[in-house]
Amino acid sequence: MHYPTEINRINTVYYQSLDSTELRQTRDELFSMLEGKKLIGENKDNATGLIYRISIKFALLSYFDGKCTEKEFNFAKKQLSVLQEALKKETLELVNTRALLNKAEVFLEELGSFFREAISCREEVIDASGQPISAEIKEFKNSAKKIEKIKEKALNKTKNYEKLFGEVSFYSLSEKITEILDREIRIIINQKEDIENNIYGPAIREVINTISRTKYRHYKYYSRLLDEEKAEAKIRVILSPFQEEVEFLFDSYIFRNNLLGSVMDLEKLSKNNKTTREYIFESLRDKCRFLLLINYLNASSIEEEIIKNIYELQILGITVFIHDKSGCKIVYKKLTEFFLEAENKPSISYSYFTLPFFNPIIEELKGLKIINNEEDVQFVKKECKFMGFIGFNELVITYTAYDGEKWKSKARYISEQNKALALIYLSDLPSQDQLIDLDWGEVIKDSGLKREKRVGVPYDYDILREYDEKNIRRILDNPNFSLLEKAGLCVKYCLLNGENGNILATIEKEDLTIRLTRASKLLSKIINTEFDPDVQVIEKKNFPKEGAMGLCCDGGAVIKYRLEDMRDFTAAFTCVCHEMFHSFQHTIINTGWKDWHFTELGISRSRAKEWKINQGMYIDLVKDKDAYYVQCFEADARIFEADTLIAAGERWSMAQLE
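Residues numbered from 1 in each chain as written. Predicted model: local features only at pLDDT ≥ 70, side-chain atom pairs only at ≥ 80, totals over all residues. Heavy atoms only, no water.

Draft legend 1. The overall build of the chain, seen in detail. A tally of helices and strands in the chain yields 26 helices and nine strands. Relative to its length of 658 residues, the chain is extended, with a C-alpha radius of gyration of 37 Å against a globular reference of 26 Å. Across its three principal axes, the chain shows a C-alpha extent of roughly 115 × 70 × 45 Å. Counting across all 658 residues of the chain, residues that qualify as buried make up 52%. Within the chain, contacts between residues separated by at least 24 positions form 73% of all contacts whose residues are at least 6 apart in sequence. In the structure as shown, the chain presents an accessible area of about 32,400 Å², 48% of it carried by carbon and sulfur atoms. One finds the centroid of the 96 positive side-chain charges in the chain at a distance of 2 Å from the centroid of its 106 negative side-chain charges. (Helix = DSSP H or I, 4+ residues; strand = E, 2+ residues; numbered from the N terminus. Rg over C-alpha atoms; globule rule 2.2 N^0.38 Å. Buried < 20%, exposed > 50% of the residue type's maximum accessible area, 1.4 Å probe, protein only. Contact = heavy atoms within 4.5 Å. Areas by Shrake-Rupley, 256 points an atom, 1.4 Å probe, with all protein chains shown as cover. Lys, Arg positive; Asp, Glu negative; His and termini not counted. Charge placed at Lys NZ, Arg CZ, Asp CG, Glu CD.)

Here it is as structure tokens:
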């Protein structure tokens, strides 16, 4: 046997092998060679050092190849201790080998402490036989989170050991640590899911429905109420008497945008005990990004608990839609009242779900050759006004399925089913076209129901007196100024504060934000919008929409201005008026047209109706620039900004400001 060649072979095994059995065998071969005194001189010295290095690698591999239990840790530690004692008696210097052994011992201790800590976390919820100690899901999640933090610390701590053996092949420590600790996490998560399925599974399946396309897979027509790009509120109330229409609205929104969404029935939730309710909400946190809550008004016994969970879910980035069956914003009012004292108030918006407008339906049915005479048109108008989007889809599907037959009876049946709910709802709305546009006919009048007449006022001076500067009072109390002129003068004064127009280019962002906020809030009160807006001034690089100087979000609850553009007075003035007019438009759509809208601002009932139609078919600037500018929603906002700018310039000297 050529021993130098054998040593080279064994050295190759040391460098390349990750098989602890193979390493032990080659180490034993070297022992035999040394004991047989078959190696002399340099070969003997090399073999001696190689035995130590193989033994160190073997010890650590034996730990990694197992489950990193305390028993395996003790075995590896004992192996290294034996080597340390042997090296103390060794006459050869073996400087590098001694350094490797010292480093391996420190590494093993550090790694062992992390693994022991992880196992301890697992044993908080699972005993040695693998049985759960607790049925509390939170405890399992907390234990898993603890191990995640341990993994992070272990990976940071062991960065220095990635080249523990230099060029010698060894496990990627980061990958191995991740694998071992992920295994512990997986044991916990699997046990958690078993408990979920066994204990809470039936309750979850009863209360939460994951969105599927099965029910509406053949549907083509749907409302785009939820698709408004500027809507940013994390809590969004949908007012409608028709629960199934709202579910379909949410379903189609989730499907079109490829989102993760669930529907929770709060009435069914309220029938579970508190522990189960807590878990059901907890289960949403990792598995849902969009949530629709139904039957809110039927779960009053746990309302405070529901609201607290809604708050926590939106903090996690989950958008919560809530169906409100009332026509008087009961849910919206309850939520805003509850969050009034919250340290970080969540953004909340509401929208009235509107049934399909008459004219688009007629045009679509004519295009499909379903109707082709005035008699059919009048049938749809008289018999189908409450069929909704579901009924509209069913009408088209039935027509196709039965070769032009039975569609009338299908549409009439669905509309009749919805009619009772609709009439109750309509009696509580400020205006009929918040549910159905007037081209369908005067439903309230025809039904004999009476609705209290709602009287609006342009603005409330008592509210405005919080701006108690003399100059603001002089503008607002001047009987010679129209509402439009008062609006323009107040915005100009708030922005310039009596200074030259160039001042906006020189002041600090904080001061500019204050001026824009005061101008927006005061204008909001003058034109009687719904919201006291949250005004945000954002740098161009972070502005959420390219090409826009300002944004009206959540119906006017949030107003955003692009910082760089606000340095110019004319741009700032017109942008404030433009965005606040959008807020005003949303207010009219949500709360109804009033007489003063025409007498003070020249806005007719029909124009307000056109805004509502435009809102449902809004064309974004990025998608079609030409169409964007001609749509009435934007054109009227530009007219308002231009008129207020002219009025402010013409009337400024008459204001007699100090």
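Draft legend 2. Representation of the pairing of strand β9 (residues 558-562) within the structure. For β9, a buried count of five out of five residues is recorded, marking the element as mostly surrounded by other parts of the structure. Where burial is concerned, the two faces of β9 agree: the one with Val 558, Lys 560 and Arg 562 and the one with Ile 559 and Tyr 561 are both buried. With five bridges connecting them, strand β7 (residues 534-538) and β9 associate as parallel partners. Of the residues in β9, the one forming a bridge with Val 537 is Tyr 561. As judged from the four bridges shared by strand β8 (residues 550-553) and β9, these two strands associate in the antiparallel manner. Counterpart to Cys 553 in the pairing with β9 is Val 558. (Pairing = 2+ DSSP bridges.)

Draft legend 3. Main features of the sheet that holds β8. Spatially, β7-β9-β8 is the arrangement adopted by the three strands of the open sheet, whose pairing is mixed. The open sheet terminates on both sides in strands that have one partner only, identified here as β7 and β8. If you compare each strand with its neighbour and ignore which way they point, the axes differ by 15 degrees on average. Across the face of the sheet, helix α21 (residues 509-526) comes into contact with β7 and β9 while running at roughly 145 degrees to β7. Against the sheet, helix α22 (residues 569-591) engages β8 and β9, with an angle of about 20 degrees to β8. (Axes fitted to C-alpha atoms, helices over the stretch in contact; angles between N-to-C directions.)

Draft legend 4. A look at the state of the cysteines. One pass over the structure, following the stated rule, counts zero disulfides. Considering cysteine sulfurs only, Cys 552 is the nearest to Cys 553, which forms no disulfide, with 6.8 Å between them. Residue classification places Cys 553 among the buried residues on the basis of a relative accessible area of 0%. Cys 575 takes part in no disulfide bond, and the closest cysteine sulfur to it belongs to Cys 577, at a distance of 9.4 Å. Residue Cys 575 is classed as buried on the basis of its relative accessible area of 4%. (Disulfide = S-S within 2.5 Å.)

Draft legend 5. Seen up close, the pairing of β8. Both faces of β8 are covered, namely the face carrying Gly 550 and Cys 552 and the face carrying Leu 551 and Cys 553. Between β8 and β9, which follow one another and run antiparallel, lie four residues, and Asp 554 among them has a positive phi close to 55 degrees.

Draft legend 6. Molecular detail of helix α12 (residues 330-338). Among all positions in α12, only Val 331, Tyr 332 and Leu 335 are buried. Looking straight down α12, one finds its buried side chains confined to an arc of 100 degrees; they lie on one side. Here the buried face of α12 lies against β2 (235-239), α11 (303-315), β5 (319-324) and β6 (348-352). (Arc of directions from axis to C-beta.)

Draft legend 7. Local environment of α22. Over its 23 residues, α22 extends 33 Å from the first C-alpha to the last, a length consistent with the 33 Å expected when each residue adds 1.5 Å. Extensive coverage of α22 is indicated by the burial of 22 of its 23 residues. You can read the cap of α22 off the contacts: a side-chain oxygen lies 3.3 Å from the backbone nitrogen of Thr 570, and it is on Asp 568. (Expected span 1.5 Å × (residues − 1). Polar contact = N/O pair within 3.5 Å; in protein donor to acceptor, adjacent residues only side chain to side chain.)

Draft legend 8. Just the side chain of Ser 240, in detail. Its place among the elements puts Ser 240 in the loop between β2 and α8 (243-256). On the basis of relative accessibility, which here comes to 0%, the residue Ser 240 falls in the buried class. Here the side chain of Ser 240 touches Phe 242 through a polar contact of 3.1 Å, landing on its backbone nitrogen.

Draft legend 9. Structural context of the confidence of the model for the chain. Here the chain averages 86 in pLDDT, while 93% of its residues score no lower than 70. In the model of the chain, helix α18 (residues 461-464) stands out as the element of lowest mean pLDDT, 50, in contrast to β5, which has the highest, 95. Confidence drops under a pLDDT of 50 for residues 454-459, and excluding neighbours within four residues, the segment shows 19 contacts in the predicted structure. (pLDDT = per-residue confidence, 0-100.)

Draft legend 10. Highlighting the side chain of Ser 583. You can see Ser 583 is positioned in helix α22. For Ser 583, a relative accessible area of 0% puts it in the buried group. Those residues in contact with Ser 583, other than ones at most four positions away along the chain, are Thr 529, Cys 552, Gly 555 and Gly 556.

Draft legend 11. Geometry of the packing of helix α2 (residues 20-35) against helix α3 (residues 41-65). Running from N to C, α2 and α3 cross one another at 155 degrees; their axes reach a closest spacing of 9 Å. The angle between α2 and α3 places the two elements in the roughly antiparallel class. With respect to the hand of their crossing, α2 and α3 are arranged in left-handed fashion. On α3, the residues that touch Ser 20, Leu 23, Arg 24, Thr 26, Arg 27, Leu 30, Phe 31 and Leu 34 of α2 are Lys 44, Ala 47, Thr 48, Leu 50, Ile 51, Ile 54, Ser 55, Lys 57, Phe 58, Leu 61 and Asp 65. When grouped by side-chain class, the residues that make up the contact of α2 with α3 number 10 nonpolar, four polar and five charged. (Parallel < 35°, antiparallel > 145°, perpendicular 65-115°, else oblique. Left-handed = near helix turned anticlockwise from the far one by under 90°. Nonpolar A, V, L, I, M, F, W, Y, C, P; charged D, E, K, R; others polar.)

Draft legend 12. A look at the environment of Thr 91. Inspection of the secondary structure assignment puts Thr 91 in the loop between α4 (70-89) and α5 (95-122). Separated by 76 residues in the primary sequence, Thr 91 and Tyr 15 have C-alpha atoms spaced 25 Å apart.

Draft legend 13. Looking closely at the nonpolar core. If you look at the biggest cluster of nonpolar residues, it comprises 149 residues, and the most contacted ones within it are Met 264 and Leu 335. What Leu 335 contacts, discounting residues up to four positions off in sequence, is Ile 235, Val 237, Tyr 296, Ile 307, Ile 310, Ile 322 and Ile 348. (Core = buried A, V, L, I, M, F, W, Y, C linked by side-chain atoms within 4.5 Å.)

Draft legend 14. Layout of the packing of aromatic side chains. If you walk through the whole model with that rule in mind, you get 30 aromatic pairs. Ring geometry for Tyr 63 and Phe 64: centres 6.3 Å apart, planes at 45 degrees, overall tilted. You'll find Tyr 63 and Phe 64 in the same group, each marked buried. Both rings, one in Tyr 221 and one in Phe 392, keep their centres 4.7 Å apart while their planes meet at 25 degrees; by these two values the pair is stacked. Taken together, the residues Tyr 221 in the loop between β1 (208-210) and β2 and Phe 392 in helix α15 (residues 388-401) connect sequence positions 171 residues apart. One aromatic cluster in this structure is built from Tyr 63, Phe 64, Phe 73, Phe 107, Phe 115, Tyr 161, Phe 165, Phe 170 and Tyr 171. It is Lys 57 that lies over the ring of Tyr 14; its NZ or CZ is 5.6 Å from the centre. Here the basic side chain of Lys 492 rests over the ring of Trp 652, its NZ or CZ set 4.4 Å away from the ring centre. (Phe/Tyr/Trp six-rings, centres within 6.5 Å; stacked < 30°, edge-to-face > 60°. Lys NZ or Arg CZ within 6 Å of the ring centre and 35° of its normal.)

Draft legend 15. View of the packing of α5 against helix α6 (residues 137-157). At a minimum axis distance of 9 Å, the contact between α5 and α6 shows a crossing angle of 175 degrees. It follows that α5 is roughly antiparallel to α6 by the angle criterion. Touching Glu 110, Phe 114, Glu 117, Ala 118, Cys 121 and Arg 122 of α5 are Ser 143, Lys 146, Ile 147, Ile 150, Lys 153, Ala 154 and Lys 157, all from α6. Looking at side-chain class alone, the contact of α5 with α6 contains six nonpolar, one polar and six charged residues.

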